[in-house]
Amino acid sequence: MSSAPMLDVENLVIRYRAGLFAPRPKPAVNGASFRLAKGETLGIVGESGSGKTSLLRAILRLLPVEGGSVRLEGQDWLQLKGQALRSARQKIGVVSQNPYLSLSPRLTIAEILAEPMLAQGQRPSPSMRRKIAGLLSDCGLPADFLERRAHELSGGQAQRVAIARALALEPGLMILDEPTSALDVSVQAQILNLLSDLKESRGLSMLLVTHNLKAVAHISDALLVMCRGDVIEFGRAEEVMRAPTQEYTRELLSFGLRVRQRC
Ligand SMILES: Nc1ncnc2c1ncn2[C@@H]1O[C@H](COP(=O)(O)OP(=O)(O)OP(=O)(O)O)[C@@H](O)[C@H]1O
Ligand SMILES: [Mg+2]
């Protein structure tokens, strides 16, 4: 295993295209830099519109970047193409906010969990079936859920399936954009605990965007605070919580997103 960090992002600039008659917009992300060590979780917080999703989407190569670099385990990730890109993509598992939108209503849970492996060219087999049951059980669901469909699950159960699917190709990095925001408050902590357990048992690295500031501070090794496209704080989670360098971060951690201070 290489000793390079899981992710090394330098001076990343993301700017959406202007509308037909609109002036050139400001960058949605204005020179973001951070590192994510292997086996660690980086919590990304900041008010709505601060650029969190844009940052994740650019790292997933779903958005073009205007400048900067992203190295994934030392590889120049933004330059990869073709087969090299397809196989490197397997290193990243993705979980989004709404499990009902991300899971096909037509497929059974078994088919949903098999999909990434089938897409890779693997054939259905007893060992694939065992693997799928294992993924489901690692995510806290019993094997008899395999023949259900997503609409027959609660929000928390559906999000567990989405997490299991993201793990199907055994990624080293998980990218999660508000994985608990669509869930009942009572379920949010259970999902965050599951993520924390998976991180330990599988040695996962995670980029976790959430509005749940108290929780993210607890499960993150490092914290990154964004405001209007800028990274205004990045450091070890205990350090940022104990001694934030910005008044905005102090308020964010004390008052949540009802923060009065502008960055
Ligand atoms: N497809 C798009 N086209 C143009 N501008 C966009 C697009 N998506 C986002 N933006 C703009 O980019 C900025 C950052 O948006 P982004 O979705 O990254 O914020 P966010 O931090 O994820 O917010 P939220 O917490 O509400 O999800 C915002 O000003 C937003 O209006
Ligand atoms: Mg967002």
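Because the structure is predicted, anything quoted here is derived from the model rather than measured.

Draft legend 1. A look at helix α1 (residues 52–59). Of all eight residues that make up α1, six are buried, and the element is covered over most of its length. Those residues of α1 not exposed but buried are Lys52, Ser54, Leu55, Leu56, Ala58 and Ile59. Elements in contact with the buried residues of α1: β1 (7–14), β2 (29–36), β3 (41–46), β7 (173–177), β8 (205–209) and β9 (222–227). Two residues or fewer after α1 comes Arg61, characterised by a positive phi angle close to 65°.

Draft legend 2. Representation of the nonpolar core in the model. Judged by nonpolar contacts, the single largest core of 50 residues is most densely connected at Leu113, Leu136, Val161, Ile163, Leu167 and Met174. Two domains each donate at least three residues to this core, and these are domain 1 (1–91 + 173–263) and domain 2 (98–170). Leu42, Leu55, Leu207 and Ala222 belong to the second largest nonpolar core, which has 32 residues in total.

Draft legend 3. Region of interest: the site of ligand 1. Around ligand 1, the neighbouring residues are Tyr16, Ala28, Glu47, Ser48, Gly49, Ser50, Gly51, Lys52, Thr53, Ser54, Glu178 and His211. Ser48 places a side-chain nitrogen or oxygen 2.5 Å from an oxygen atom of ligand 1. Within the side chain of Lys52, an N or O atom sits 2.7 Å from an oxygen atom of ligand 1. Alone, ligand 1 offers 640 Å² of accessible surface; in the complex the protein occludes 55% of this. For the shell around ligand 1, the class distribution of residues is two nonpolar, seven polar and three charged.

Draft legend 4. Region of interest: unusual backbone geometry. Despite not being glycine, Arg61 has its phi angle at roughly 65°, a positive value. Turning to its location among the elements, Arg61 is positioned in the loop between α1 and β4 (67–72). The exposure class of Arg61 is partly exposed, given its relative accessible area of 25%. For Glu73, which is not a glycine, the phi torsion comes out positive at approximately 45°. Tracing the backbone shows Glu73 in the loop between β4 and β5 (75–76).

Draft legend 5. Quick peek at the pairing of β7. Among the five residues that make up β7, five are buried, leaving the element largely enclosed by the rest of the structure. Side chains of β7 alternate between two faces, with Leu173, Ile175 and Asp177 and Met174 and Leu176 buried alike. Bridge count between strand β6 (residues 92–95) and β7: four bridges; the pairing is parallel. For Ile92, the partnering residue across the bridge sits in β7 and is Leu173. The sheet contact formed by β7 and β8 spans five bridges and is parallel. Each bridged residue has a counterpart across the sheet, and for Met174 the counterpart in β8 is Met206.

Draft legend 6. A look at the side chain of Thr249. Along the chain, Thr249 falls in helix α10 (residues 247–255). Here Thr249 is in contact with Val225, Ile232, Glu233, Val240 and Pro244, once residues within four sequence places are set aside.

Draft legend 7. Highlighting the sheet that holds β2. The sheet built from four strands is open, its strands ordered β2-β1-β4-β5 with antiparallel pairing. Edge strands, defined here as strands with exactly one partner in the open sheet, are β2 and β5. With two bridges connecting them, β4 and β5 associate as antiparallel partners. Bridged to Arg71 within β5 is Asp76. Contacts from α1 reach β1 and β2, with the element oriented near 115° to β1.

Draft legend 8. Highlighting the packing of aromatic side chains. Applying the stated criterion to the full structure yields one aromatic pair. Positioned above the aromatic ring of Phe145, the side-chain terminus of Arg148 is 4.1 Å from the ring centre.

Draft legend 9. Structural context of the domain arrangement of the protein. The domains assigned to the protein are domain 1 (1–91 + 173–263) and domain 2 (98–170). Between the C-alpha centres of domain 1 and domain 2 there is a distance of 26 Å. Across the domain 1/domain 2 interface, buried area totals approximately 1,200 Å², and carbon plus sulfur atoms make up 68% of it. Interface area lost by domain 1 to domain 2 is led by Gln90, Leu194 and Arg202, which between them contribute 42%. Here domain 1 and domain 2 share one salt bridge between them.

Cut-off values and rules
Residues numbered from 1 in each chain as written. Chains lettered and ligands numbered in written order. Predicted model: local features only at pLDDT ≥ 70, side-chain atom pairs only at ≥ 80, totals over all residues. Heavy atoms only, no water. Buried < 20%, exposed > 50% of the residue type's maximum accessible area, 1.4 Å probe, protein only. Helix = DSSP H or I, 4+ residues; strand = E, 2+ residues; numbered from the N terminus. Contact = heavy atoms within 4.5 Å. Core = buried A, V, L, I, M, F, W, Y, C linked by side-chain atoms within 4.5 Å. Domains from an automatic or database assignment. Near = heavy atom within 4 Å. Polar contact = N/O pair within 3.5 Å; in protein donor to acceptor, adjacent residues only side chain to side chain. Areas by Shrake-Rupley, 256 points an atom, 1.4 Å probe, with all protein chains shown as cover. Nonpolar A, V, L, I, M, F, W, Y, C, P; charged D, E, K, R; others polar. Pairing = 2+ DSSP bridges. Axes fitted to C-alpha atoms, helices over the stretch in contact; angles between N-to-C directions. Phe/Tyr/Trp six-rings, centres within 6.5 Å; stacked < 30°, edge-to-face > 60°. Lys NZ or Arg CZ within 6 Å of the ring centre and 35° of its normal. Buried area = accessible area lost by both parts, 1.4 Å probe. Salt bridge = Lys/Arg side-chain N within 4 Å of Asp/Glu carboxyl O.

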